[in-house]
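A structural walkthrough
Here is what each chain is made of, one letter per residue.
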Amino acid sequence: MFNIAKPVVFLMADDDPDDRLLIKEAFQESLISNSIFFVEDGVELLDYLRHQDRYSDPDIAPTPDLILLDLNMPRKDGREALAEIKSDPHLRYIPVVVLTTSKAEEDIMRSYDIGAAGYITKPVTFDGLVEAIKGLKRYWVQIVRLPVINAVKE
Amino acid sequence: MIHPSQLNTVLIADDDLDDCVLVKEAFGECGDNINLTFVHDGIQLLQYLRHQGVYADSSATQRPDLILLDLNMPLKDGHEALAEVKADPYLRSIPVVVLTISSREEDVLRTYELGGAGFIIKPTSLNDMVEVVKVLNEYWFEVVELSGIEHVNKIKGRNFVQ
């Protein structure tokens, strides 16, 4: 009812191929059609966001409107990647929602501390995951206004 | 993932009293598990969060789970207040969602750059406000996990009064 014009691009960083598949299916189940792209760790995430190496083509790697971030990943974990995104003036405007198996209070608090715009504990069932993704989309796609970067910058 | 029993606290900063009434009615339509508190400018917001001024009696003020923030307010506007909350190590983990009549792209971008966790254009009708509040409650109090006050105390080593 509020924002219907522009499709929202999601980018998910998760090293677990099964979880990536589940998220992809949950997105398809959750009706509102949006594109979702995947990277497998924090190094790839930052490469993607900075259009480096194999992510230089904006058609293959469009700048996301929202990032879904796993915490425990090899090479560069979610906490480091989040801190790096939020300290980069060109990237910090992108909302990052943590989506992880960790229920540790320390992870929850630290994530909000360094700038997460939500912390979701991965539901154990597929139905639970679909419900969470639906709620996520109702908020970020339907009622929230996200920045339109080209309208302001460049 | 659903936490039906707990009473969640939302702190609303808005100088327009009609808008405050609308927000209150909309929350009222969405159930009674939310404890709402209103402040009317950015200075009051910071004083409330820091137990200063008229809020020095800290037993009367509860750390909110979520802040809804208007942008155009007297004394200290929403963006200034947001920057201050996000620069304060004891407050920055509280999510702040902007709720404003502004639809300026600059305001949207600035909100996210300052660490806002959402930018919502304030609906003018009660029906649309109820729709917004429903989705807002669902996201912040059912879908996501929030950080409890007891953990802020334990991890940061300072006593906030609950």
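Reading the values: the criteria
Residues numbered from 1 in each chain as written. Chains lettered and ligands numbered in written order. Predicted model: local features only at pLDDT ≥ 70, side-chain atom pairs only at ≥ 80, totals over all residues. Helix = DSSP H or I, 4+ residues; strand = E, 2+ residues; numbered from the N terminus. Rg over C-alpha atoms; globule rule 2.2 N^0.38 Å. Contact = placed C-beta atoms within 7 Å. Buried ≥ 20, exposed ≤ 12 C-beta atoms within 10 Å, placed from the backbone. Pairing = 2+ DSSP bridges. Axes fitted to C-alpha atoms, helices over the stretch in contact; angles between N-to-C directions. Nonpolar A, V, L, I, M, F, W, Y, C, P; charged D, E, K, R; others polar. Arc of directions from axis to C-beta. Parallel < 35°, antiparallel > 145°, perpendicular 65-115°, else oblique. Left-handed = near helix turned anticlockwise from the far one by under 90°.

Remarks on the overall build of chain A
- Within chain A, the secondary structure is distributed over six helices and five strands.
- Listed by position from the N terminus, the elements making up chain A come as β-α-β-α-β-α-β-α-β-α-α.
- What you see for chain A is a C-alpha radius of gyration of 15 Å, in line with the 15 Å of a compact globule of 154 residues.
- Nonlocal contacts in chain A, meaning residues at least 24 apart in sequence, comprise 67% of its contacts between residues at least 6 apart.

Description of the environment of K86 of chain B
Residues and elements named next belong to chain B.
- Mapped onto the elements of the fold, K86 is located in helix α3 (residues 78-87).
- By the C-beta count within 10 Å, which is 17 here, K86 ends up partly exposed.
- Filtering out sequence-adjacent residues up to four positions away, K86 remains in contact with R92, L114 and G115.

Side note on unusual backbone geometry
Residue and element names in this part refer to chain A.
- Although it is not a glycine, H51 adopts a positive phi angle of roughly 55°.
- Note that H51 resides in the loop between α2 (42-49) and β3 (66-69).
- A positive phi angle is found at D53, which is not glycine, with a value near 50°.
- Mapped onto the secondary structure, D53 falls in the loop between α2 and β3.

Re the sheet that holds strand β2 (residues 35-39) of chain A
All names here are of chain A.
- Across the sheet, which stays open at both edges, the five strands sit in the order β2-β1-β3-β4-β5 with parallel pairing between neighbours. In this open sheet, the two strands that pair with only one neighbour each are β2 and β5 (119-121). Across the sheet, the mean angle separating the axes of adjacent strands is 20° when strand polarity is ignored.
- Bridge analysis of strand β1 (residues 9-13) against β3 gives four bridges, and the strand direction is parallel. Bridging across to β3, F10 finds its partner in L66.

Some details on the interface of chain A and chain B
- Contact with chain A, which involves 31 residues of that partner, is made by 30 residues of chain B.
- Residue assignment for the side of chain A that touches chain B shows that the elements contributing at least two residues are α4 (105-113), β5, α5 (126-143) and α6 (149-152) of chain A.
- In terms of residue count, the dominant contributor to the side of chain A that touches chain B is α5 of chain A (eight residues).
- Of the residues belonging to the side of chain A that touches chain B, the class tally is 19 nonpolar, six polar and six charged.

Description of α3 of chain B
All names here are of chain B.
- Three or more residues of α3 are buried, namely G78, A81, L82 and V85. Down the axis of α3, the sector holding all buried residues measures 100°, keeping them to one side.
- For α3, the secondary structure elements touched by its buried residues are β1 (8-13), α2 (42-50), β3 (66-69) and β4 (96-100).

Points about the packing of α2 of chain A against helix α3 (residues 78-86) of chain A
Residues and elements named next belong to chain A.
- Contact geometry of α2 with α3 gives a least axis separation of 9 Å together with a crossing angle of 25°. Judged by the angle between their axes, α2 and α3 are roughly parallel. Between α2 and α3 the crossing geometry is right-handed. Side by side, α2 and α3 meet where G42, L45, L46 and L49 of the first sit next to G78, E80, A81, E84 and I85 of the second.

Considering the sheet that holds strand β2 (residues 34-39) of chain B
Residues and elements named next belong to chain B.
- Sheet architecture is open: five strands sit in the order β2-β1-β3-β4-β5, paired in parallel fashion. The open sheet has two free edges, formed respectively by β2 and β5 (119-121), since each of these has just one partner strand. Pairwise comparison of adjacent strand axes, ignoring direction, gives a mean angle of 20° for this sheet.
- Examined bridge by bridge, β1 and β2 share six bridges and lie parallel to one another. Residue pairing for β2: I12 is matched across the bridge by F38.
- Together, β1 and β2 form the strand contacts of helix α1 (residues 17-29), whose direction differs from that of β2 by roughly 175°.
- Lying on the sheet, α3 is in contact with β1, β3 and β4; it crosses β4 at an angle near 180°.

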